Amino acid sequence: MKRLVGILIPLTLLLSACAARLAPSYDKAIADGLVASSQQLMTHFAATSAGTTASSFAQRDATYSSLIGNLDALALQAKSRPSPKVSVSDKVNKYLAERGINLSDTGEVPSAAALEQISITLTKMRDVDKKQGVTAFEVAAFKGQVVIYLDQALTYENFLEREGL
């Protein structure tokens, strides 16, 4: 019996020290960047909410470039974190599904994929704005799509923090 206890205790300690990582590590810089980007995005949508004209695009060009560049940099940071083979995406997807949001399980880091989609959406908005301006309805549609992806990215990063991953 002593021999069995002598084996089980070290084995238990050894196994408990080998906690499996299920997701990339939480990175405060990414979370802070997401919060800052979301504030800048909402400010941009507020500024354009009544619609724009192509003739005034030059006034917004630098804002678009800054937003898109920041989003692309955050996506790159989120993707570059070491990620274990086993993913937490099923747990995150379940949590998001309960909130009415579905993520596809592509094996990508969900926040990085969402950030890429925000960048794509904002790039489309910029291109339309430059060509012909955007109507208030179009701004609302672009904003709606961005808000969905922003919610996914923020939820995933907050999930990593909350779970201590």
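Residues numbered from 1 in each chain as written. Predicted model: local features only at pLDDT ≥ 70, side-chain atom pairs only at ≥ 80, totals over all residues. Heavy atoms only, no water.

1. Describing helix 3 (residues 58–80)
When the terminal C-alpha atoms of helix 3 are compared, their 34 Å separation across 23 residues agrees well with the 33 Å that a helix rising 1.5 Å per residue should span. Among the residues of helix 3, R60, Y64, L67, I68, L71, L74, A75 and A78 are the ones counted as buried. Where helix 3 is buried, its residues touch helix 2 (28–48) and helix 5 (110–132). (Helix = DSSP H or I, 4+ residues; strand = E, 2+ residues; numbered from the N terminus. Expected span 1.5 Å × (residues − 1). Buried < 20%, exposed > 50% of the residue type's maximum accessible area, 1.4 Å probe, protein only. Contact = heavy atoms within 4.5 Å.)

2. Considerations on the pattern of salt bridges
Tallying each qualifying case throughout the model produces 4 salt bridges. In this structure, K79 and E116 form a salt bridge, with 2.5 Å as the shortest nitrogen-oxygen distance. Residue K79 is located in helix 3, and its partner E116 is located in helix 5; the two are separated by 37 residues in the primary sequence. Owing to a relative accessible area of 44%, K79 belongs among the partly exposed residues under this scheme. A salt bridge links D127 to R126; the nearest nitrogen and oxygen atoms lie 3.0 Å apart. Since its relative accessible area comes to 41%, D127 is described here as partly exposed. (Salt bridge = Lys/Arg side-chain N within 4 Å of Asp/Glu carboxyl O.)

3. Notes on the nonpolar core
In this structure, L41, F45, L71, L115, I118, L122 and M125 are the most contacted members of the largest nonpolar core, which totals 22 residues. The contact partners of L41, leaving out residues within four places of it in the chain, are L67, L71, I118, L122, V146 and L150. In this structure, A78, V109, A112 and L160 belong to the second largest nonpolar core, which totals 6 residues. (Core = buried A, V, L, I, M, F, W, Y, C linked by side-chain atoms within 4.5 Å.)

4. What to know about the confidence of the model for the protein chain
Here the protein chain shows a mean pLDDT of 81. Residues at 70 or above account for 68%. By mean pLDDT, helix 1 (residues 2–17) is the weakest element of the protein chain at 45, and helix 5 is the strongest at 96. Across residues 10–22 the pLDDT falls below 50, and counting only partners more than four positions away or on other chains, this stretch makes 9 contacts in the model. (pLDDT = per-residue confidence, 0-100.)

5. So, the packing of helix 5 against helix 6 (residues 136–162)
At a minimum axis distance of 8 Å, the contact between helix 5 and helix 6 shows a crossing angle of 165°. Relative to helix 6, the element helix 5 lies roughly antiparallel. Note that helix 5 runs across helix 6; the crossing there is left-handed. Within the contact between the two elements, helix 5 uses P110, S111, A114, L115, Q117, I118, T121, K124, M125, V128 and Q132 and helix 6 uses E138, V139, F142, Q145, V146, Y149, L150, Q152, A153, Y156 and E157. Here the residues of the contact of helix 5 with helix 6 are counted per class, giving 13 nonpolar, 6 polar and 3 charged. (Axes fitted to C-alpha atoms, helices over the stretch in contact; angles between N-to-C directions. Parallel < 35°, antiparallel > 145°, perpendicular 65-115°, else oblique. Left-handed = near helix turned anticlockwise from the far one by under 90°. Nonpolar A, V, L, I, M, F, W, Y, C, P; charged D, E, K, R; others polar.)

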